[in-house]
Amino acid sequence: MIDQDQDQGHDDQPAPARAREPFDAFFRRERRAVVGLAYALSGSRLACEDLAHEAFVAAYRRWDEIGAYDNPGAWVRRVVANRAVSAIRRRLAEARAIARLGLGRELPPALPGESAELWALVRALPKRQAQAIALRYVEQLTPEEIAGVLGISRDSVYTHLRRAHQALAADLEETP
């Protein structure tokens, strides 16, 4: 298994002449947006704070390296995106285990409003499509910025966004 604290791509190479921003300033500037991304990907107000803080802790531990990247925020977002997927997989495995054991589990009440339903549909999309949608509409990143965060090409971002839009449109047409 790949350590998610490790940078999984090489898109964010250190900028030798760039003055490094202090971690606390970086954290204050990026925290709200990263928590929003974590919420969009996880669907859990409780888990989103943990996901975001775990990513920031990983960045803090390696701040000498991460802080020198051209875009350390992209690295933190990639960690959040990867951990959100792992958390969803873990919750699914737990749910299957509980179902096998025949144990009941009290679920929290559903979120009101259309946005809760829409984000549930987004979370049901394939991993990269859900990540691209969340980064585009929660973070309002450009396709080029999304490519940097996810460590994929810009053309792949366009493909993931197009397929996600098509799937969501089909799902929304089926919803009464």
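In every chain, residue numbers begin from 1 and rise along the written sequence. For a predicted model such as this one, the threshold for reporting local features is a pLDDT of at least 70, and the threshold for listing and counting side-chain atom pairs is 80 or more; totals across whole chains, interfaces and linings nevertheless cover every residue. Side-chain figures throughout are based on the complete set of non-hydrogen atoms in the structure, without hydrogens or water.

Digging into helix 7 (residues 143–150)
Throughout this description, buried means an accessible area under 20% of the type-specific maximum (1.4 Å probe, protein chains only), exposed means over 50%, and partly exposed covers the range between. Think of it this way: any DSSP run of H or I at least four residues long counts as a helix, any run of E at least two long counts as a strand, and we number them from the N terminus. Residues of helix 7 that are buried: Pro 143, Ile 146, Ala 147, Val 149 and Leu 150. The arc enclosing the buried residues of helix 7, seen along the axis, measures out at 165 degrees, which places them on a common side. Gly 151 lies just past helix 7 and shows a positive phi near 70 degrees. Along the arc lie the directions from the helix axis toward the C-beta atoms.

Some words on the nonpolar core
In plain words, nonpolar cores are sets of buried Ala, Val, Leu, Ile, Met, Phe, Trp, Tyr and Cys residues tied together by side-chain atoms within 4.5 Å. Counting residues in each nonpolar core, the largest one holds 42 residues, and the members touching the most others are Trp 75, Val 76 and Ile 133. Tallying contributions element by element places helix 1 (residues 23–42) first for this core, with eight residues. The contact rule is simple, with two residues in contact once any of their heavy atoms fall within 4.5 Å. Residue contacts for Val 76: discarding those within four places in its chain leaves Phe 26, Val 34, Ala 55, Phe 56 and Ala 59.

Looking at the packing of aromatic side chains
For Phe, Tyr and Trp, where Trp contributes only its six-membered ring, two rings pair if their centres lie within 6.5 Å, and the inter-plane angle classes them as stacked under 30 degrees, edge-to-face over 60, or tilted in between. Taken as a whole, this structure holds seven aromatic pairs when the rule is applied. Their ring planes at 80 degrees and their centres at 5.2 Å tell us that Phe 23 and Trp 63 sit as a pair that is edge-to-face. Of this pair, Phe 23 sits in helix 1 while Trp 63 is found in helix 3 (residues 63–66), placing the two residues 40 residues apart along the sequence. One exposure class covers both Phe 23 and Trp 63, and it is buried. Three or more aromatic residues joined by ring pairs form one cluster here, namely Phe 23, Phe 26, Phe 27, Phe 56, Tyr 60 and Trp 63. The criterion for a charge sitting over a ring is simple: Lys NZ or Arg CZ within 6 Å of the ring centre, and within 35 degrees of the ring normal. In this arrangement the basic side chain of Arg 136 is found over the ring face of Tyr 137, its NZ or CZ atom lying 6.0 Å from the centre.

Describing the packing of helix 6 (residues 127–137) against helix 7
Here an angle of 0 to 180 degrees is reported between the N-to-C directions of two axes, which are lines fitted to C-alpha atoms, with helices fitted over the stretch in contact. The N-to-C vectors of helix 6 and helix 7 enclose an angle of 130 degrees; their axes lie 10 Å apart at closest approach. Classified by the angle their axes make, helix 6 and helix 7 are oblique. In this structure, the crossing between helix 6 and helix 7 has a hand that is right-handed. Taking contact as the criterion, the partners of Arg 128, Gln 131, Ala 132, Leu 135 and Arg 136 in helix 6 are, on helix 7, Ile 146, Val 149 and Leu 150. Here the contact of helix 6 with helix 7 is built from residues that sort into five nonpolar, one polar and two charged. Roughly parallel means an angle under 35 degrees; roughly antiparallel, over 145; roughly perpendicular, 65 to 115; everything else is oblique. The sense of a crossing depends on the near helix, which, turned anticlockwise from the far helix by less than a right angle, makes the crossing left-handed and, turned clockwise, makes it right-handed. All residues other than Ala, Val, Leu, Ile, Met, Phe, Trp, Tyr, Cys, Pro, Asp, Glu, Lys and Arg, Gly among them, are scored as polar; the first ten of these are nonpolar and the last four charged.

A look at the environment of Asp 70
Checked against the element boundaries, Asp 70 lands in the loop between helix 3 and helix 4 (72–101). The exposed category is assigned to Asp 70, whose relative accessible area is 52%.

A word on the packing of helix 1 against helix 6
Orientation of helix 1 relative to helix 6, taken along the N-to-C sense of each, is 140 degrees, at an axis distance of 9 Å. In terms of axis orientation, helix 1 runs oblique to helix 6. The element helix 1 and its partner helix 6 pack so that their crossing is right-handed. The residues of helix 6 that touch helix 1, namely those facing Leu 37, Ala 40 and Leu 41, are Ala 130, Gln 131, Ala 134 and Leu 135. Split into classes, the residues belonging to the contact of helix 1 with helix 6 amount to six nonpolar, one polar and no charged.

Here we look at unusual backbone geometry
In this structure, Gln 140 is a non-glycine residue whose phi angle is positive, near 55 degrees. Here Gln 140 lies in the loop between helix 6 and helix 7. Note on Gln 140: relative accessible area 63%, which makes it exposed.

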